[in-house]
Amino acid sequence: MSSFLEYVPGTSPLHRMNPVAKLAAAAAFALACFCSSNLAFLAVLLAAGFALAATCGMVRPAIGLAKAVFAFSLILAVVQVLTTPSGAVLVELPWGYVGTGSLLAALTTVVRLVAAAIPLFLVFYVTKMNDITNAVVKVLHVPYKYAFTFTSTIHFIPMFMNDMKGIMEAQTARGVEFDAGGIVRKVRLMVPLCVPLLVSSVRKTNSAAIAAEVRGFNLRTRTSGYKDYPLHAEDFVALAVCVAVLAAAIVLAVVG
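This is a predicted model, so every value here is computed, not measured.

Structural notes on the state of the cysteines
A full pass over the atoms with the stated rule returns 0 disulfides. Left without a disulfide partner, Cys 33 is nearest to the cysteine sulfur of Cys 35, which lies 9.3 Å away. For Cys 33, a relative accessible area of 0% gives the class buried.

Structure (structure tokens):
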């Protein structure tokens, strides 16, 4: 299995979709998650996200992502529980109380963030970064420098993580124990490695820009001479479904 945010080849319907349609559909899906506070509706969207991951063989990465987002959202949930008292009193606090409404709101936050993150991250797992950049320029006519900056920023994360992992494995083979001595010692050992890694990652990004131009992307005219990205029927169907989900979320928000 590929590392975090690295492209995973496949022939699933999600792999075959137009990159722009994937981004637009995922954005509409995520927006629907943030428009609704209905926990049952959000649970359905979360299940739909995992079902989508199953169609392209990405269940394990989706679960890993869900765990990471859950850990982050749990912090927000704790803050929300402690600072926004509502509902029946469960625990008295010096500055307020923890209520049933607080717990429900915190649970909604966790489910919302996880449900919104899965489709967005799946797009980057099933789409090459070059295709995202080129399709955004070809279809949406976004200036290449902005599209390339966006995809380079995303691609920087797995590149940096993989380089860091390789260096840590090499240092471990030489006898360096990163896990010994607690988190403070681990951070002290890793900080000196970050500076050269940042420099090398920037160099790789520059090399990627040169490679894109060599492959046929003209940086002056912002056009690609080697590939087109037409929209097909399945792209419009996916967009229609996600827009319908967004409309349902808005209706629930207004009614509720």
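That was the structure; now back to the text.
Let's talk about the environment of Ala 24
In this fold, Ala 24 is placed in helix α2 (residues 19-35). Put simply, Ala 24 and Leu 239 are 215 residues apart on the chain and 7.2 Å apart in space, counted from C-alpha to C-alpha.

What about the packing of α2 against helix α9 (residues 233-255)?
One way to put it is that α2 packs onto α9 with a least axis distance of 8 Å and a crossing angle of 15°. Considering the angle they form, α2 stands roughly parallel to α9. As α2 runs across α9, the sense of the crossing is left-handed. Residue-level contacts link Ala 21, Ala 24, Ala 25, Ala 28, Leu 31, Ala 32 and Cys 35 of α2 to Asp 235, Ala 238, Leu 239, Cys 242, Val 245, Leu 246, Ala 249, Ile 250 and Ala 253 of α9.

Here we look at helix α3 (residues 39-55)
A rise of 1.5 Å per residue sets the reference length of α3, with its 17 residues, at 24 Å; its end C-alpha atoms lie 25 Å apart and thus fit the reference within 8%. Those residues of α3 lying buried are Phe 41, Leu 42, Leu 45, Leu 46, Gly 49 and Ala 53. All buried residues of α3 project into a common sector of 145° when viewed along the axis, lining one side. Among the exposed residues of α3, those oriented more than 90 degrees off its buried face are Ala 40 and Val 44. The inward-facing, buried residues of α3 contact α2, α4 (59-83), α5 (100-125) and α9. Where α3 begins, the capping side chain belongs to Asn 38, and its oxygen is found 3.0 Å from the backbone nitrogen of Ala 40. Within two residues after α3, Gly 57 carries a phi angle of roughly 65°, on the positive side.

Let's talk about the pairing of strand β2 (residues 96-99)
Relative to β2, strand β1 (residues 89-93) is paired through 4 bridges, and the arrangement is antiparallel. Bridge pairing links Leu 93 to Gly 96 in β2. In sequence, β1 turns back onto β2 through a hairpin of 2 residues.

A few points about the nonpolar core
Counting residues in hydrophobic clusters, the biggest one holds 33 residues, and the most contacted among them are Cys 33, Leu 45, Met 58, Ile 118 and Leu 122. With 9 residues, α5 is the single largest residue contributor to this core. Beyond its immediate stretch of four places on either side in the chain, Leu 122 contacts Leu 14, Gly 49, Leu 52, Ala 53, Cys 56 and Met 58. Formed by 11 residues, the second largest nonpolar core is a distinct cluster that contains Val 136, Val 137, Tyr 144 and Ala 147.

What about the side chain of Thr 133?
Tracing the sequence through the fold places Thr 133 in helix α6 (residues 129-140). Dropping the residues within four chain positions of it, Thr 133 is found in contact with Tyr 144, Ala 147, Phe 148 and Thr 151.

Notes on the confidence of the model for the protein
Detailed conclusions should not be drawn from predicted coordinates in areas where pLDDT is low. In this model, the protein carries a mean pLDDT of 77, and residues with pLDDT of at least 70 account for 69%. Within the protein, no element has a lower average pLDDT than strand β4 (residues 223-224), which sits at 48, and none a higher one than α2, at 92. Of the regions scoring below 50 in pLDDT, residues 219-224 engages in 15 contacts with residues more than four places distant in sequence or in other chains.

Each value, and the rule that gives it
- Residues numbered from 1 in each chain as written.
- Predicted model: local features only at pLDDT ≥ 70, side-chain atom pairs only at ≥ 80, totals over all residues.
- Heavy atoms only, no water.
- Disulfide = S-S within 2.5 Å.
- Buried < 20%, exposed > 50% of the residue type's maximum accessible area, 1.4 Å probe, protein only.
- Helix = DSSP H or I, 4+ residues; strand = E, 2+ residues; numbered from the N terminus.
- Axes fitted to C-alpha atoms, helices over the stretch in contact; angles between N-to-C directions.
- Parallel < 35°, antiparallel > 145°, perpendicular 65-115°, else oblique.
- Left-handed = near helix turned anticlockwise from the far one by under 90°.
- Contact = heavy atoms within 4.5 Å.
- Expected span 1.5 Å × (residues − 1).
- Arc of directions from axis to C-beta.
- Polar contact = N/O pair within 3.5 Å; in protein donor to acceptor, adjacent residues only side chain to side chain.
- Pairing = 2+ DSSP bridges.
- Core = buried A, V, L, I, M, F, W, Y, C linked by side-chain atoms within 4.5 Å.
- pLDDT = per-residue confidence, 0-100.

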